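Notes for the structure review
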Amino acid sequence: MGALVKIVVIFLGLMLIMSMIGNFVTKVFPPKPPEVAKGQTKAKCGNCGRTVIATVPCVCGKG
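Residues numbered from 1 in each chain as written. Predicted model: local features only at pLDDT ≥ 70, side-chain atom pairs only at ≥ 80, totals over all residues. Heavy atoms only, no water.

Focus on the overall build of the protein chain
Rule in force here: Runs of H or I in DSSP of at least four residues are treated as helices and runs of E of at least two as strands, each being numbered from the N terminus. Using a 1.4 Å probe on the protein chains alone, a residue whose accessible area is under 20% of its type maximum counts as buried, one over 50% counts as exposed, and one in between counts as partly exposed. Only the protein chains shown count as cover for residues, and all accessible areas are computed by the Shrake-Rupley method using a 1.4 Å probe.
Scanning the protein chain for helices and strands turns up one helix and two strands. When the elements of the protein chain are put in sequence order from the N terminus, they spell out α-β-β. Residues counted as buried form 5% of the 63 residues belonging to the protein chain. When the accessible surface of the protein chain is summed, it comes to about 6,100 Å², and 70% of that surface belongs to carbon and sulfur atoms.

Below you can see the structure in the form of structure tokens.
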């Protein structure tokens, strides 16, 4: 019974050390933000400046 407790304590200690290393690495080397694809730019109305989706005319009626 005592050996089982030691194995569990060692396992939990290793998990704690691994989480501390992971936390340190993400602080030193932060993840890069995802790049925006070139084809995903937003179209804007030439008259009012609102975002226009696909080929639908603008809600202002002029763009």
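On we go from here.
Let's talk about the state of the cysteines
Keep this limit in mind: Only a pair of cysteine sulfur atoms within 2.5 Å qualifies as a disulfide here.
Throughout the structure, instances matching the rule amount to zero disulfides. Considering cysteine sulfurs only, Cys 58 is the nearest to Cys 60, which forms no disulfide, with 3.6 Å between them.

Quick look at the environment of Ile 53
Positionally, Ile 53 belongs in the segment after strand S2 (51–52). Taking the C-alpha atoms as reference points, Ile 53 and Lys 42, separated by 11 residues in sequence, lie 7.7 Å from one another.

Some details on a nonpolar patch on the surface
Condition: Patches here are clusters of residues that have more than 30% relative accessible area and form no salt bridge, with a 9 Å joining cutoff for like charges and a 5 Å cutoff for nonpolar side chains (Val, Leu, Ile, Met, Phe, Trp, Tyr). Salt bridge, as applied in this entry: a Lys or Arg side-chain nitrogen positioned within 4 Å of an Asp or Glu carboxyl oxygen.
Residues Ile 10, Leu 14, Ile 17, Ile 21, Phe 24, Val 25, Val 28 and Phe 29 make up a contiguous nonpolar surface patch of roughly 820 Å² in combined accessible area. Overall, the relative accessible area of 39% leaves Val 25 in the partly exposed class.

With respect to the confidence of the model for the protein chain
Operational definition: Residue-level confidence of the predictor, termed pLDDT, takes values from 0 up to 100.
Put simply, the protein chain has an average pLDDT of 84, and 89% of its residues get 70 or more. Model confidence for the protein chain, summarised as mean pLDDT per element, is weakest for strand S1 (residues 43–44) at 78 and strongest for helix H1 (residues 2–28) at 95.

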